[in-house]
Amino acid sequence: MERVRSGAGEVGVRFLRTGAAVAAVAVVAGCTSGGGEAQTPGLEARGTVLTTVKPTRQDLTNRIALTGKVSIDPVFGIVAPIDGELRYLDRQPTSSPVRHLTWVATVWDDDQAHRVQIPKGSTLAGQLLDDHAQVTEGMPVISAKHSGYAIVADIDSSLAYRISGSAKSVQGQIKNGPGPFKCTPLGTIAALPAGTIPAPPPAPTTPAPSGAPVAEPEPEQPPAQGSDATGLRLVCTAPDDVNLINGADVTLDVVTDKASKAMVLPVEAVAGTQGRGKVDVVVGAERVRKTVDVDLGLTDGKVIQIKKGLTGSEEIAIPAPNLPAGPAGDAGNPSGGPG
């Protein structure tokens, strides 16, 4: 290729060569300085703007929408009223519902007896635990069967802790039918194991006099059938003046608890949803994240109650801190994935 000899041509060639050399040096310098720069633990990268929020106070209602169906003779659970030893009474199921609260078991706490009773309008369906079992307050121990129509709503396990315990109020609306109406909850909101009915002890026999004819033994009665296991669900009854049709779809509005002037944070700022959780408090001019433990309460799905751990004046970082995952004892690899 012929060399360009004009003055302008020489200058252009030199400029291109100089520019290429400067670019190469810049690339090398950038790689070297970036790779060797030490990052300070606990600090955000320079120039990063944190999204933060401060706790606020508001009235909070734990409200959940469920879908259910009208059902006939549904089974529900009765729980232990206190911690202690469970003792069942010798009760056999009847074909007709009881007309008043009926005592079916006792939980003994030291020398104090606490009755377990099935409500009016139900029948005994089964024993859920062994006799003499140690139980805790709120544990299902008896299954009962409601006599007649009721509404049954299955509950997804992801809602278990939001809806556990007693429902303070339930409103029902039948699709293309009556409502809204008050729906009275029966028993506990919990999954139930299969219930059993022990066979009654054999009746005592009296020896026949010598020479008397021997009576034919009565045929053995088949053992009473217990109750089937259920999933997590809510059972409630509508007022007598609400016309129910078996299988009809029902929407339930369930309120499990309320809190007045509760300290709350957006759910995005809190790691955890029940009991204990963690938040990142932003402190200092350098905006260091400090993870602190908090006690959690109610949530409506948008905000969550902070019962303990914050004063209310803190600045909280969003998103929430990551909780460690993986099997217990995997200290070398907290993520739980392959090393």
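This one's a predicted model, so the numbers in the text were calculated from it and none came from an experiment.

Our next topic: the sheet that holds strand E5 (residues 102-109). With antiparallel pairing, four strands are arranged side by side in an open sheet as E6-E5-E4-E8. Each edge of the open sheet carries a strand with a single partner, namely strand E6 (112-118) and strand E8 (134-135).

What follows is about the packing of aromatic side chains. Across all of its chains, the model carries zero aromatic pairs by this definition. The aromatic ring of Trp103 is capped on one face by Arg115, whose charged end is 3.8 Å from the ring centroid.

Overall, the coordinates contain eight salt bridges when judged by the stated rule. Among the salt bridges present, the one from Asp249 reaches Lys69, with a minimum N-O distance of 2.4 Å. Highlighted residues: Asp249 in strand E15 (residues 249-266) and Lys69 in strand E2 (residues 56-72), separated in sequence by 180 residues. Using a relative accessible area of 43% as the deciding quantity, one classes Lys69 as partly exposed. With a closest N to O distance of 3.1 Å, Asp280 and Arg289 form a salt bridge. On the basis of relative accessibility, which here comes to 4%, the residue Asp280 falls in the buried class. Taking relative accessible area as the criterion, Arg289 reaches 25% and is therefore assigned partly exposed. What you see here is one network of salt bridges that share partners, running through Arg276, Lys278, Asp293 and Asp295.

Here we come to unusual backbone geometry. A cis amide bond, omega 0°, links Gly179 with the succeeding residue Pro180. In this fold, Pro180 is placed in the loop between strand E11 (169-174) and strand E12 (181-182). In the segment running from Ile318 into Pro319, the intervening peptide bond is cis, with an omega of 10°. Here Pro319 is to be found in the segment after strand E19 (316-318). Of note in this structure, Asn176 is not a glycine but carries a positive phi near 55°. Among the structural elements, Asn176 can be located in the loop between E11 and E12. Backbone geometry at Lys261 places phi at a positive 50°, although glycine is not the residue there. When you line up the elements, Lys261 lands in strand E15. Lys261 sits in the exposed class, given a relative accessible area of 62%.

What counts, and at which threshold
- Residues numbered from 1 in each chain as written.
- Predicted model: local features only at pLDDT ≥ 70, side-chain atom pairs only at ≥ 80, totals over all residues.
- Heavy atoms only, no water.
- Pairing = 2+ DSSP bridges.
- Helix = DSSP H or I, 4+ residues; strand = E, 2+ residues; numbered from the N terminus.
- Phe/Tyr/Trp six-rings, centres within 6.5 Å; stacked < 30°, edge-to-face > 60°.
- Lys NZ or Arg CZ within 6 Å of the ring centre and 35° of its normal.
- Salt bridge = Lys/Arg side-chain N within 4 Å of Asp/Glu carboxyl O.
- Buried < 20%, exposed > 50% of the residue type's maximum accessible area, 1.4 Å probe, protein only.

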